[in-house]
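Next come the chains, spelled out residue by residue.
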Amino acid sequence: MSNREMVILSVGGVRFVTRASTLQQFPESRLARMLNGDDQEFKLVNGEFFVDRDGTLFSYIMDFLRTLQVSLPTDFSDYQRLQREAEFYGLHRLADLLSQEHLLKPRLEILEVRFSLQEMQAFFRIFGSCSTTVETLAEQIAVFTGQQAGQSWNSPFPSQQPLVPLPLERPSHHDMVFQCGTDYSAGDQFVARYVSIKPDNRKLINGTNVLGLLLDTLLKDGFRLISTRTVSSAEKVECYSLERMRRPAGLAVMVSQAPGSSGAAQAKRSQVQKGK
């Protein structure tokens, strides 16, 4: 069969349409042998290959053949059944990846935002259980400083004078510290700090506004607020705890053509980031 031909499969009553080349990704598999007529268990009926197996699990197998990556829903739990299906189809590399269940399961991620409002300044400290998330958030947050004349710290608009970017404080890979508001005044000159959080382009000086934008950004990124508490009433420190199920790095199989192998596939495991 030409690898450009379309193939129709009926797996457990679920219909799949794909290219022959997709099913031939791994020539040693039963799906590849099926196309060559070398596996009689797969019956060709009215132009469709009939397979008496689980159609829902086969959708994940088709996704693997199309992308060469294992990417499962966060609520997926049938790892052993899917591994059994992979072994049935002779996709031993997929079965090997599925045996690494601890690498595929989503993990609970915790993020804590501490907010302190002191006179004309607001202080923030963000701690996260996942350093990658903290690093991504640090790339979204920018702090600027500049001088104002005759404006209060509650003004939502920065002065027309050029603002100078300031680096975020990073005590460790898991946390960051920054502040906004007025640092001090000299006469009618205010030296203030503004905070901007991508993709929002505003530069905010009011701590309450920055806190609202920060929490809104985290909620849109999949976090949910699980608790709020006052850590220190004397210092007016509030703590916001958030959590989300973080998608793990997907496991990928890199397929390359080996010289003289007549289409034999070679596999190499690697991890690729799937996003937050």
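Keep in mind it's a predicted model, so treat the numbers as computed, not measured.

1. Some thoughts on the overall build of the chain
Thought 1: Counting its regular elements, the chain contains eight helices and 18 strands.
Thought 2: In the chain, 59% of the contacts between residues at least 6 apart in sequence involve partners at least 24 apart.
Thought 3: Just so you have it, the chain exposes about 14,900 Å², and 49% of that area is on carbon and sulfur atoms.

2. Concerning the sheet that holds strand β3 (residues 43-45)
Within a sheet, neighbouring strands are paired by backbone hydrogen bonds and run either parallel or antiparallel to one another.
Thought 1: Within the open sheet, the four strands sit side by side as β2-β1-β4-β3. Their pairing is mixed. Strands with a single pairing partner mark the edges of an open sheet, and in this sheet they are β2 (14-19) and β3. The average undirected angle you get between the axes of adjacent strands in this sheet is 35°.
Thought 2: As paired strands, β3 and strand β4 (residues 48-51) are joined by three bridges and run antiparallel to one another. By the bridge assignment for β4, V45 is matched with E48.

3. Topic: the pairing of strand β13 (residues 224-232)
Thought 1: For β13 and strand β14 (residues 237-246), the ladder comprises seven bridges, and the chain directions are antiparallel. If you follow L225 over to β14, its bridge partner there is L242.
Thought 2: What sits between β13 and β14 in their antiparallel hairpin is a turn of four residues, with K236 showing a positive phi close to 55°.

4. Regarding the environment of Q179
Thought 1: Its place among the elements puts Q179 in strand β11 (residues 175-186).
Thought 2: Of the residues examined, Q179 reaches a relative accessible area of 13% and is grouped as buried.
Thought 3: The contacts of Q179, once residues within four sequence positions are left out, are Q121, A122, F123, V143, R193 and V195.
Thought 4: A distance of 2.8 Å separates polar atoms of two side chains, one belonging to Q179 and the other to Q121.

5. With respect to the packing of aromatic side chains
Thought 1: Summed over all chains, the structure comprises 10 aromatic pairs.
Thought 2: On the basis of an interplanar angle of 50° and a centroid distance of 5.2 Å, the ring pair of F58 and Y89 is categorised as tilted. Note that F58 is positioned in helix α3 (residues 55-67) and Y89 in the loop between α4 (79-88) and α5 (92-98), a separation of 31 residues in sequence.
Thought 3: Overall, F58 belongs to the buried group, its relative accessible area being 1%.
Thought 4: Residue Y89 is classed as buried on the basis of its relative accessible area of 0%.
Thought 5: Ring plane angle 90° and centroid distance 5.2 Å describe the contact between F76 and Y79, whose orientation is recorded as edge-to-face.
Thought 6: Exposure remark for F76: the relative accessible area of 10% places this residue in the buried category.

6. Remarks on the packing of α3 against α4
Think of two packed helices as two axes; the pair is described by the angle between the axes and how far apart they sit.
Thought 1: Contact geometry of α3 with α4 gives a least axis separation of 10 Å together with a crossing angle of 70°. One element, α3, and the other, α4, form an angle in the roughly perpendicular class. Read as a crossing pair, α3 and α4 show a hand that is right-handed. Between α3 and α4, the contacting residues are L57, Y60 and I61 on the first element and R81, L82, E85 and A86 on the second.
Thought 2: For the contact of α3 with α4, a count of residues per class yields five nonpolar, no polar and two charged.

7. Focus: α4
Thought 1: Buried residues of α4: Y79, L82, E85, A86 and F88, and no others.
Thought 2: Close packing links the buried residues of α4 with α2 (30-35), β4, α3, α5 and α6 (101-104).
Thought 3: Taken from the residues just after α4, G90 is the one with a positive phi, measuring 75°.

8. Brief notes about the environment of S71
Thought 1: By secondary structure assignment, the location of S71 is in the loop between β5 (69-70) and α4.
Thought 2: It is 8.0 Å that separates the C-alpha atoms of S71 and L104, two residues lying 33 residues apart in sequence.

9. Comments concerning a nonpolar patch on the surface
Thought 1: Where nonpolar side chains cluster on the molecular surface, the patch consists of L108, I110, I226 and M245 and spans about 350 Å² of accessible area.
Thought 2: Looking at the element boundaries, M245 is found in strand β14.

10. Considering the nonpolar core
Thought 1: Among the nonpolar cores identified, the biggest contains 34 residues, and L9, L23, L31, F58, L65 and Y89 are the most heavily contacted of them.
Thought 2: Among the elements of the structure, β1 (6-11), α1 (20-23), α2, β4, α3, α4 and α5 are those that each provide at least two residues to this core.
Thought 3: With six residues, the top contributor of residues to this core is α3.
Thought 4: Among residues more than four places away in sequence, those in contact with L31 are L9, L23, F58, L65, Y89 and L91.
Thought 5: F124, M176, V195 and L211 belong to the second-largest nonpolar core, a separate cluster that totals 27 residues.

Conventions and cut-offs
Residues numbered from 1 in each chain as written. Predicted model: local features only at pLDDT ≥ 70, side-chain atom pairs only at ≥ 80, totals over all residues. Heavy atoms only, no water. Helix = DSSP H or I, 4+ residues; strand = E, 2+ residues; numbered from the N terminus. Contact = heavy atoms within 4.5 Å. Areas by Shrake-Rupley, 256 points an atom, 1.4 Å probe, with all protein chains shown as cover. Pairing = 2+ DSSP bridges. Axes fitted to C-alpha atoms, helices over the stretch in contact; angles between N-to-C directions. Buried < 20%, exposed > 50% of the residue type's maximum accessible area, 1.4 Å probe, protein only. Polar contact = N/O pair within 3.5 Å; in protein donor to acceptor, adjacent residues only side chain to side chain. Phe/Tyr/Trp six-rings, centres within 6.5 Å; stacked < 30°, edge-to-face > 60°. Parallel < 35°, antiparallel > 145°, perpendicular 65-115°, else oblique. Left-handed = near helix turned anticlockwise from the far one by under 90°. Nonpolar A, V, L, I, M, F, W, Y, C, P; charged D, E, K, R; others polar. Patch = residues over 30% accessible without salt bridge, like charges linked within 9 Å, V, L, I, M, F, W, Y side chains within 5 Å. Salt bridge = Lys/Arg side-chain N within 4 Å of Asp/Glu carboxyl O. Core = buried A, V, L, I, M, F, W, Y, C linked by side-chain atoms within 4.5 Å.

Keep in mind these values describe shape, not function.
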